[in-house]
Amino acid sequence: MAERSKDWFAQAERDLEQAKSSQKEGRHEWACFAAQQSAEKAVKALHLFLKQEAWGHVVARLLNELPTTVFFHFHFLLLVRNQPGSVLEEH
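Let me sum up the structure you'll find in this document.

Thresholds, definitions, all that
Residues numbered from 1 in each chain as written. Predicted model: local features only at pLDDT ≥ 70, side-chain atom pairs only at ≥ 80, totals over all residues. Heavy atoms only, no water. Helix = DSSP H or I, 4+ residues; strand = E, 2+ residues; numbered from the N terminus. Expected span 1.5 Å × (residues − 1). Buried < 20%, exposed > 50% of the residue type's maximum accessible area, 1.4 Å probe, protein only. Arc of directions from axis to C-beta. Contact = heavy atoms within 4.5 Å. Core = buried A, V, L, I, M, F, W, Y, C linked by side-chain atoms within 4.5 Å. Salt bridge = Lys/Arg side-chain N within 4 Å of Asp/Glu carboxyl O.

**Side note on helix α1 (residues 5–24)**
- Between the first and last C-alpha of α1 there are 29 Å, a value that for 20 residues agrees with the 28 Å anticipated at 1.5 Å per step.
- Taken together, the buried positions of α1 are occupied by Ser5, Ala12, Asp15, Ala19 and Ser22. Along the long axis of α1, the arc covered by the buried residues comes to 100 degrees, so they all point the same way. Those residues of α1 that are exposed and aimed more than 90 degrees away from the buried face are Lys6, Glu17 and Lys24.
- Residues of α1 that are buried sit in contact with α2 (28–49).
- The positive-phi residue at the C-terminal boundary of α1 is Gly26, with phi of around 80 degrees.

Right, here's the structure in full:
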């Protein structure tokens, strides 16, 4: 089976762009829908990257099905990113 996590994450980013655009245009119902779609696809991309299957549309459940080590690594990356001079520092 082909590795598709990057495709799913790229679509998640496009959905987030759509959500922001819809919000600016006052189309709040579409902004909410696109934001939910973005979150769902981003979490499913992570599942695929970890070689796991992910089914359903409830983002909280999809997050709960991830290994706890994922959250530890994410927290660590956030801490490193927020250090002055870090290569991960947000610009």
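**Focus: the side chain of Lys44**
- Mapped onto the elements of the fold, Lys44 is located in helix α2.
- On the basis of relative accessible area, Lys44 is assigned to the buried category, the value being 9%.
- The contacts of Lys44, once residues within four sequence positions are left out, are Trp8, Ala54, Gly56, His57 and Leu62.

**Remarks on the nonpolar core**
- Core analysis: the largest hydrophobic core is formed by six residues, namely Val43, Ala54, Val59, Leu62, Leu66 and Val70.
- Apart from residues lying up to four places away in sequence, Leu66 is in contact with Val43, Leu46, His47, Leu50, Gln52 and Phe71.

**Focus on the pattern of salt bridges**
- Inspection of the entire model under this criterion finds five salt bridges.
- With a shortest N-O distance of 2.8 Å, Lys41 and Asp15 are connected by a salt bridge. Separated by 26 residues along the polypeptide, Lys41 in helix α2 and Asp15 in helix α1 bring together distant segments of the chain.
- The exposure class of Lys41 is buried, given its relative accessible area of 17%.
- On the accessibility criterion, Asp15 (11% relative accessible area) is buried.
- Here Arg27 makes a salt bridge to Glu25, at a shortest N to O gap of 2.6 Å.
- Overall, the relative accessible area of 30% leaves Arg27 in the partly exposed class.

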